[in-house]
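Geometric and topological summary
Here is what each chain is made of, one letter per residue.
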Amino acid sequence: MASPGQSRQLPGTGPGILGESTAVGIERLGLRDFRLVRTADVDLAPGANLFVGENAQGKTTVLEAVSYLARGRSFRTARDRECLASAGDEVAPVASAEARFQRHGSRRLVRAAITPSGKTFWLDGKALKTVGELWGVLPIVTFLPDDLELVRGAPAERRLLLDALLAQVDPTGLAAMQSFNAALKQRNALIRDRASAAQFDAWEAQMAHWAARLLPRRQRLIERLGACVEQHVQVLSRGAERVAVTHDTGWPAASPIPALVTDGAKASALEEPLARAWREARDADQDRLFTRHGPHRGDLSLRINNRDARVYASQGQARTLALALRLGERELLEQITGEPPVLLLDDVLGELDRQRSEHFIRLLSRDGVQSLLTATDAAPLEAELPIAARFTVTGGTVRR
Amino acid sequence: MIPAAVEALIAQFARFPGVGRRSAERMAFDLLAGGADRADTLRLAVERLSDVSLCPECGFFAEQGRCLICSQGRQDRHQLLVVERPMDVIAFEKTAGFRGLYHVLGGHLSPLKGITPDKLRLISLYARLDRGDITELILATSPSVEGDATSLYIAGQVEREGLNITRLGRGVPMGGSLEFSDAGTLRLALEGRRGLHGS
C-alpha cells in the first residue's frame, strides 16, 4: 500500500489543498449485470491498465461503468436502460457497479445501481439525493474515438465538456447552472402558455440571478482551459498551428452581454443587463417557442490559424485540436483539484500518428497518472507504454 | 393470504410520506391487535377531519370559520408573513419569535406543472393588503428557484406606498458545522453577511 511518503510531487502542481496527496485512483472495480459484463471484480494498478479483447466483448463496458460512478452517466448514451445486461429476451432487473478509490489521502467507495425506473448512487454507503453530489468526487477525463465531434460537432458536444469540467471543480458554479436550468425550463413553459408579462419578469429575474453567477465562472474556466489547450496544440503540432479558445456566451454579437462577460464583469454588474436582454427578446422568443439566447446556448469558440475551426480545420488539425481539448481538460482538473484525474481511453491510441501519440504516451507514463485503456491488439501499445496491469476481456468476463 | 379488509387498510397507510409497505403492515396489524376500541378511536379521529377547512383569511387549517391564529389577538397585526404551506406556519409558530399574521399560498409558482398565479391564494392576499393595515410583508417562500420566483412575482404585484417588503435571511444552520454546510448555503450566508456591530 502506498503511503504519503512514497508519492512524488507531480510537475507543475502543488500538493492538494486538502493535504499531501498519496497514490491516486481506483483500486478495485466491480460490475454486475452491466451491459456485456455479467460479473467482474478487477484490481486496478496505479499506472496504465490495459483491457484487451475483440470488439463487442465488454472492454468499453468497463470504462462506461467508471463513467457512471464518476458522473452518473454514460459517455455513449443518454438511455440508462441500455446498461442492463440482457440475454435473449431476458433483461437483468438491475445493473450495478462499484469502485473503491483513493483521493486526497482518503479511501472511498462509490456505488451505482441502474434499474428500468431510474438510477441510485451511494458514496461511502450513503445514498445520494441527486447525481450532482457525485460530481467531482472521482474526477475523470474520457478520450473517445468520436472526440472529433468536439471540433466538428454541434455546440452541445463542447458544452458537455465545459459543463462536466465546471461540475467537477466548482460546486458553486454547478449549483448556479442547475438553478439557471430550472428557471429556464419554467420560462419556456411560460412561452408556450403565452403567460403575462409579470410572470415573465419573475422568472427572467431568476434566470438573470443565476446566469450572472454562472457566466463569470464559465468565463474564468474557459480562459484557463484555453491557455492549456493552446499550449498542447503548440506541442502536438510542433508549433505549426495556432489556436484560440474563447467563450461564446450564447448571445448574439450585437448584444452587450458577450463584451460584459469577456471583460470580466462581476455578477452584480451582469444581473440587470441579462434581465433586460431576456425581456427584450420575449416577443421573438414567443414566435420561435423557445428561449433563443443564454448560457444554455453557450459554446467554446475554436479558431485555428485565425479561422473558425468547426468549418475550416483539416482532418489532421481537427484531430490535434480535439486531443488538445481533452488534454487541456485533464490538465485543468489536475491544476484545480491538486490531483490528476483518472483517464479513460477507449481505443484511441491506435488512431494517432507518431507525433501525437508520443506526447500522449509521455503523459500516460507519468508517475501518479492512472489510466484505463482499451485496445484490440496489445502489442503496439506495450511496445511504447509501460503497462502496469493487463486484462483480457472475452464474452463479458475480465481476467488479469 | 392477508384478508382484503386488512389489505385495504395497509394500502391506505402505505400512502403516507415516509411509510413503506413494511411499516404500513405493522401499523395495520397493530391496530387489529388493539381491538375494536382502538379502531373506533381512530375512526372517530379521522371522521373529525371533515370539520377541518382552510381559514378563509389566511389559508391555514381552521375548524370553524377563521383559524386560531387569525381569531387570536395577535400582538402585531401589521406584519404579514407569506408561506407556501400550512406546515410552514407551524414551523414559524414553534420559533415563538413571530407575533404577526400569516398568509398561506398553497404552493409555489411552476408554469411547468401548470401552477400559475391563479392557482395560488393570491387574490385573498391582495385583498388583505388593500385593507391597508399591513405595513410589512415578509416573503418566506421555500429557498428554491421556484420559491424565489414566487416571491419576486408577488413583490412585483403588491408594490404600494407604506408597505415594506422583506424576505428571509439565509445562512448556515445554528449548531451546524461550517465544513458540513453545502456550498450553496455557505455562498448565500457569505453574500448576506452583516456588520458585527449594529443591525
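Owing to the predicted nature of the structure, the values given are computational and were not obtained by experimental measurement.

**Describing the overall build of chain B**
Assigned secondary structure in chain B consists of eight helices and six strands. Reading the secondary structure of chain B in the N-to-C direction produces α-α-α-β-β-α-β-α-β-α-β-α-β-α. Computed over the C-alpha atoms, the radius of gyration of chain B is 22 Å, more than 25% above the 16 Å expected from 2.2 N^0.38 for a compact globule of 199 residues. Taking the principal axes of the C-alpha coordinates as reference, chain B spans close to 65 × 45 × 35 Å. Within chain B, the proportion of its 199 residues that are buried is 33%. Sequence separation of at least 24 residues holds for 48% of the intrachain contacts in chain B that already meet a minimum separation of 6. Entry remark: accessible area of chain B is about 12600 Å², with carbon and sulfur atoms responsible for 57%.

**A closer look at the sheet that holds strand S5 (residues 136-139) of chain B**
Residues and elements named next belong to chain B. In space, the four strands of this open sheet follow the order S4-S3-S5-S6, with parallel pairing throughout. Only two strands of the sheet have a single partner each, and these edge strands are strand S4 (101-104) and strand S6 (164-167). Within this sheet the neighbouring strands show an average axis-to-axis angle of 25°, counted without direction. Bridge count for strand S3 (residues 79-83) against S5 is four bridges, and the pairing is parallel. Bridge pairing links Val 82 to Leu 139 in S5. Helix H5 (residues 86-95) rests against S3 and S4 of the sheet, and its axis sits at about 155° to S4. Together, S3, S4 and S5 form the strand contacts of helix H6 (residues 123-130), whose direction differs from that of S4 by roughly 155°.

**Some details on the interface of chain B and chain A**
Accessible area lost upon the coming together of the parts serves often as the stated size of an interface. Contact residues are listed per partner, giving 16 residues for chain B and 19 residues for chain A. Here chain B meets chain A over a buried area of about 1500 Å², counting both sides, of which 67% is carbon and sulfur. Taken together, chain B and chain A are joined by two residue pairs in polar contact (both at pLDDT 80 or more). Those elements giving two or more residues to the side of chain B that touches chain A turn out to be helix H7 (145-158) and helix H8 (183-191) of chain B. Considering each element in turn, the side of chain B that touches chain A owes the most residues, seven residues, to H7 of chain B. Residues that form the side of chain B that touches chain A fall into these classes: nine nonpolar, three polar and four charged.

**Examining helix H3 (residues 155-169) of chain A**
Because an α-helix packs 3.6 residues into every turn, residues spaced three or four apart end up facing the same way. End to end, H3 of chain A covers 21 Å across 15 residues, agreeing with the expected 21 Å (1.5 Å per residue, within 8%). Those residues of H3 of chain A that sit buried are Arg 158, Arg 159, Leu 161, Leu 162, Ala 164, Leu 165, Leu 166, Ala 167, Gln 168 and Val 169 of chain A.

**Here we look at empty space enclosed by the protein**
Residue and element names in this part refer to chain A. Applying the stated criterion to the full structure yields two cavities of 30 Å³ or more. Size it by volume and the largest cavity reaches roughly 160 Å³. In this structure, the largest cavity is lined by 13 residues; those nearest its centre are Leu 144, Asp 147, Arg 319, Val 348 and Leu 352. When residues of the lining of the largest cavity are assigned to their parent elements, the largest contribution, four residues, is made by helix H9 (residues 315-337). In terms of residue class, the lining of the largest cavity is built from nine nonpolar, no polar and four charged.

**Looking at the domain arrangement of chain B**
Assigned domains within chain B: domain 1 (4-51) and domain 2 (53-195). For domain 1 of chain B versus domain 2 of chain B, the distance between C-alpha centres works out to 34 Å.

**What about the domain arrangement of chain A?**
All names here are of chain A. Along its sequence, chain A is organised into domain 1 (15-139 + 339-396) and domain 2 (153-223 + 245-314). Computed from C-alpha coordinates alone, the two centres of domain 1 and domain 2 are separated by 32 Å. Domain 1 puts seven residues into the contact, and the matching count from domain 2 is six residues. In this assembly, domain 1 packs against domain 2 so that about 510 Å² is buried in total across both faces, 60% of it on carbon and sulfur atoms. Our count for the domain 1 to domain 2 interface comes out at zero salt bridges.

**Examining the layout of surface pockets**
To locate leftover empty space, one rolls a probe as large as a water molecule over the atoms. All names here are of chain A. Taken as a whole, the second largest pocket spans an internal volume of roughly 1000 Å³. Around the second largest pocket, the lining is made up of 38 residues, and of these Arg 73, Arg 159, Leu 160, Leu 161 and Ala 164 lie nearest the centre. Secondary-structure elements contributing two or more residues to the lining of the second largest pocket are helix H1 (59-71), helix H2 (149-152), H3, helix H4 (171-193), helix H5 (197-236) and H9. No other element matches the seven residues that H3 contributes to the lining of the second largest pocket.

**Considering the environment of Leu 236 of chain A**
Residue and element names in this part refer to chain A. Checked against the element boundaries, Leu 236 lands in helix H5. A relative accessible area of 3% places Leu 236 in the buried class. When the C-alpha positions of Leu 236 and Gln 317 are compared, they lie 10.0 Å apart, and in sequence the two are 81 residues distant. Discounting residues that sit within four places of it in the chain, Leu 236 has contacts with Thr 320, Leu 323, Ala 324, Leu 327, Gln 355, Arg 356 and His 359.

**A look at the sheet that holds strand S15 (residues 371-375) of chain A**
All names here are of chain A. As summarised here, the arrangement of the six strands in space is S10-S14-S15-S3-S16-S17, forming an open sheet in which the pairing is mixed. One side of each edge strand has no neighbouring strand; the edge strands of this open sheet are strand S10 (140-143) and strand S17 (397-399). Sheet twist, expressed as the average angle between the axes of neighbouring strands with direction ignored, equals 20°. For strand S16 (residues 387-394) and S17, the ladder comprises three bridges, and the chain directions are antiparallel. Its bridge partner being in S17, Thr 394 is matched across the sheet by Thr 397. Where H1 meets the sheet, it contacts strand S3 (48-52), S10, strand S14 (342-346), S15, S16 and S17, and its direction lies at approximately 150° from that of S15. Here H9 sits on the sheet and contacts S10 and S14; the angle it forms with S10, its principal contact strand, is near 170°.

Quick notes on the rules
Residues numbered from 1 in each chain as written. Chains lettered and ligands numbered in written order. Predicted model: local features only at pLDDT ≥ 70, side-chain atom pairs only at ≥ 80, totals over all residues. Heavy atoms only, no water. Helix = DSSP H or I, 4+ residues; strand = E, 2+ residues; numbered from the N terminus. Rg over C-alpha atoms; globule rule 2.2 N^0.38 Å. Buried < 20%, exposed > 50% of the residue type's maximum accessible area, 1.4 Å probe, protein only. Contact = heavy atoms within 4.5 Å. Areas by Shrake-Rupley, 256 points an atom, 1.4 Å probe, with all protein chains shown as cover. Pairing = 2+ DSSP bridges. Axes fitted to C-alpha atoms, helices over the stretch in contact; angles between N-to-C directions. Buried area = accessible area lost by both parts, 1.4 Å probe. Polar contact = N/O pair within 3.5 Å; in protein donor to acceptor, adjacent residues only side chain to side chain. Nonpolar A, V, L, I, M, F, W, Y, C, P; charged D, E, K, R; others polar. Expected span 1.5 Å × (residues − 1). 1 Å grid on protein atoms, 1.4 Å probe; cavity = no way out; pocket = protein on both sides within 12 Å on 5 of 7 lines; lining within 4 Å. Points joined across faces, edges and corners; volume = space filled by probe spheres on them. Domains from an automatic or database assignment. Salt bridge = Lys/Arg side-chain N within 4 Å of Asp/Glu carboxyl O.

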